[in-house]
Amino acid sequence: MKVFELKNEGETLALAGKMAALFEKNDVIVLIGELGAGKTCFVRGAAAYFGCADQVSSPTFTLVNQYDGGGMTLYHFDLYRLRDEQELLESGADELFFAGGVSLVEWPQCAMALLRDAPVTQIELTYCPDGRRLTVQGPLEERIAW
Ligand SMILES: Nc1ncnc2c1ncn2[C@@H]1O[C@H](COP(=O)(O)OP(=O)(O)OP(=O)(O)O)[C@@H](O)[C@H]1O
Ligand SMILES: [Mg+2]
């Protein structure tokens, strides 16, 4: 597990951009954290690396937004409104996992069983007195050499 202390939104965006440089096709990254912890902010920083930051908004009602840029497709999920895995399967959104892009998943609970045996990276954002603490575990963590 790697841990980063992020003092402000700018540091969250910057770290996300550095991590985005390490993204590989078919990565699935689940974003864990309370309301307002910075999950969407992280996605915005990652999308900026691929040149498409302006389009990033929470896909709470669409379930998934797609951002194309820099030879990569990002799928930005927000599964907050889904009750269970059945609803996810009915939406068809799960078919985008491992479809050749990178999936960034806010509120992934109803997808966790589906992803059980897959190489999923977990990024967790928690509130701390100085801003946020970000931890990363999984395949993406192995690629971080800094
Ligand atoms: N390192 C940081 N320190 C302090 N504030 C931060 C930091 N990173 C991001 N923020 C702020 O925290 C908020 C994060 O909002 P964001 O929409 O990204 O949260 P979220 O986790 O996606 O919430 P939701 O669960 O509602 O989707 C923004 O107001 C942003 O400015
Ligand atoms: Mg969000």
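Throughout what follows, the structure given in this document is the object of discussion. Predicted, not measured: the structure shown is a model, and the values here were computed from it. (Residues numbered from 1 in each chain as written. Chains lettered and ligands numbered in written order. Predicted model: local features only at pLDDT ≥ 70, side-chain atom pairs only at ≥ 80, totals over all residues. Heavy atoms only, no water.)

What follows deals with the overall build of the protein chain. Broken down by element type, the protein chain carries 4 helices and 7 strands. Overall, the protein chain shows an N-to-C arrangement of helices and strands of β-α-β-α-β-β-α-β-β-β-α. Taken over the C-alpha trace, the protein chain has a radius of gyration of 14 Å; the compact-globule value for 146 residues is 15 Å, and the two agree within 12%. Taking the principal axes of the C-alpha coordinates as reference, the protein chain spans close to 40 × 35 × 30 Å. Pairs at least 24 apart in sequence give 63% of the contacts found in the protein chain among residues at least 6 apart. Here the protein chain has roughly 7,200 Å² of accessible surface; of this, 49% comes from carbon and sulfur atoms. Charge-centre separation for the protein chain: the mean point of 12 positive side chains lies 5 Å from the mean point of 21 negative side chains. (Helix = DSSP H or I, 4+ residues; strand = E, 2+ residues; numbered from the N terminus. Rg over C-alpha atoms; globule rule 2.2 N^0.38 Å. Contact = heavy atoms within 4.5 Å. Areas by Shrake-Rupley, 256 points an atom, 1.4 Å probe, with all protein chains shown as cover. Lys, Arg positive; Asp, Glu negative; His and termini not counted. Charge placed at Lys NZ, Arg CZ, Asp CG, Glu CD.)

We now examine the coordination of the magnesium ion (ligand 2). Coordination of the magnesium ion (ligand 2) by the protein comes from Thr-40 (OG1) and Glu-106 (OE), over a distance range of 2.1 to 2.2 Å. Note that Thr-40 is positioned in helix α2 (residues 39-49) and Glu-106 in strand β5 (residues 102-106), a separation of 66 residues in sequence. Summarising the burial analysis for this pair, Thr-40 and Glu-106 share the class buried. (Donors = N, O, S within 2.8 Å, 3.2 Å for Na, K, Ca; no water. Buried < 20%, exposed > 50% of the residue type's maximum accessible area, 1.4 Å probe, protein only.)

Let's shift gears to the sheet that holds strand β2 (residues 28-32). Picture the strands of a sheet paired through backbone hydrogen bonds; they go either parallel or antiparallel. Here we have 7 strands laid out as an open sheet, ordered β1-β7-β6-β2-β5-β4-β3, and mixed in their pairing. The sheet is open, and its two edges are formed by β1 (2-6) and β3 (64-69), each paired on a single side. Averaged over all pairs of adjacent strands, the angle between strand axes in this sheet comes to 20°, irrespective of strand direction. Bridge analysis of β1 against strand β7 (residues 131-137) gives 5 bridges, and the strand direction is antiparallel. Bridge assignment links Glu-5 to a residue of β7, and that residue is Arg-133. Together, β1, β6 (120-128) and β7 form the strand contacts of helix α1 (residues 9-20), whose direction differs from that of β1 by roughly 145°. (Pairing = 2+ DSSP bridges. Axes fitted to C-alpha atoms, helices over the stretch in contact; angles between N-to-C directions.)

Within the structure, ligand 1 sits among 17 residues, and Glu-9, Thr-12, Lys-39, Thr-40 and Cys-41 are positioned closest to it. Take Gly-38: an N or O atom from its main chain is 2.9 Å from an oxygen atom of ligand 1. Separating an oxygen atom of ligand 1 from a side-chain N or O atom of Arg-132 is a distance of 3.0 Å. Compared with its free state, where it exposes 650 Å², ligand 1 has 73% of that area covered by protein. Listing elements by their share of the shell around ligand 1, those giving two or more residues are α1, α2 and β7. A total of 3 residues in the shell around ligand 1 trace back to one element, the largest contributor, which is α2. Looking at side-chain class alone, the shell around ligand 1 contains 5 nonpolar, 6 polar and 6 charged residues. (Near = heavy atom within 4 Å. Polar contact = N/O pair within 3.5 Å; in protein donor to acceptor, adjacent residues only side chain to side chain. Nonpolar A, V, L, I, M, F, W, Y, C, P; charged D, E, K, R; others polar.)

Distances and angles like these do not, on their own, reveal function.
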